[in-house]
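Breakdown of the fold
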Amino acid sequence: MTHVLIPTTAATAGLVGGYSLARLTGVRPIGGLALAAGGVTAFKGWQNNRGTATAAALTGVYLGSFGYSHVLYKKIGPWPAVASVTAATALASLVAGGPKK
């Protein structure tokens, strides 16, 4: 179970941590660094578990979630938007990013 939790945790930390750091510091590039670090770590975990194609697809979900959070922000507010896209990304990671059986 650990193999699926590492990339899922990295993706979750990247999205939540990136937003938190940007908001707390007022410096968006710092949030971007956290987002990038989470994405790279998650990609490596997904790649080890399922290969490059799946890792690329899940990274697309990760980055798409980040982008979509900006759309949701205007409709439901910042934290609900971040929580929603993070939950969707974590679910995708758990379903598709775990080790092959």
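What counts and how
Residues numbered from 1 in each chain as written. Predicted model: local features only at pLDDT ≥ 70, side-chain atom pairs only at ≥ 80, totals over all residues. Heavy atoms only, no water. Core = buried A, V, L, I, M, F, W, Y, C linked by side-chain atoms within 4.5 Å. Buried < 20%, exposed > 50% of the residue type's maximum accessible area, 1.4 Å probe, protein only. Contact = heavy atoms within 4.5 Å. Patch = residues over 30% accessible without salt bridge, like charges linked within 9 Å, V, L, I, M, F, W, Y side chains within 5 Å. Areas by Shrake-Rupley, 256 points an atom, 1.4 Å probe, with all protein chains shown as cover. Salt bridge = Lys/Arg side-chain N within 4 Å of Asp/Glu carboxyl O. Helix = DSSP H or I, 4+ residues; strand = E, 2+ residues; numbered from the N terminus. 1 Å grid on protein atoms, 1.4 Å probe; cavity = no way out; pocket = protein on both sides within 12 Å on 5 of 7 lines; lining within 4 Å. Points joined across faces, edges and corners; volume = space filled by probe spheres on them. Nonpolar A, V, L, I, M, F, W, Y, C, P; charged D, E, K, R; others polar.

1. Examining the nonpolar core
Counting 9 residues, the largest nonpolar core is built from Ala 10, Ala 11, Leu 15, Leu 35, Ala 42, Trp 46, Ala 55, Leu 58 and Tyr 62. Ignoring sequence-local partners within four residues, the contact set of Tyr 62 consists of Ala 11, Gly 14, Leu 15, Leu 35, Gly 38, Gly 39, Trp 46 and Thr 89.

2. Some words on a nonpolar patch on the surface
A contiguous nonpolar patch, built from Leu 5, Leu 91, Leu 94 and Val 95 and spanning about 380 Å² of accessible area, is present on the exposed surface. Looking at the secondary structure, you find Leu 5 in helix H1 (residues 2–25).

3. So, the layout of surface pockets
Space left empty within the atom packing is revealed by a probe, the size of a water molecule, rolled over the atoms. Space inside the largest pocket adds up to approximately 360 Å³. Counting residues per element, the lining of the largest pocket draws most heavily on H1, at 5 residues. Residues of the lining of the largest pocket, tallied by class, amount to 10 nonpolar, 6 polar and 1 charged.

4. Considerations on the side chain of Thr 8
Mapped onto the secondary structure, Thr 8 falls in helix H1. Non-local contacts of Thr 8, meaning those with residues more than four positions away in its chain, are made with Ala 90, Ser 93 and Leu 94.

Take it as geometry only, folks, not as evidence of what the structure does.
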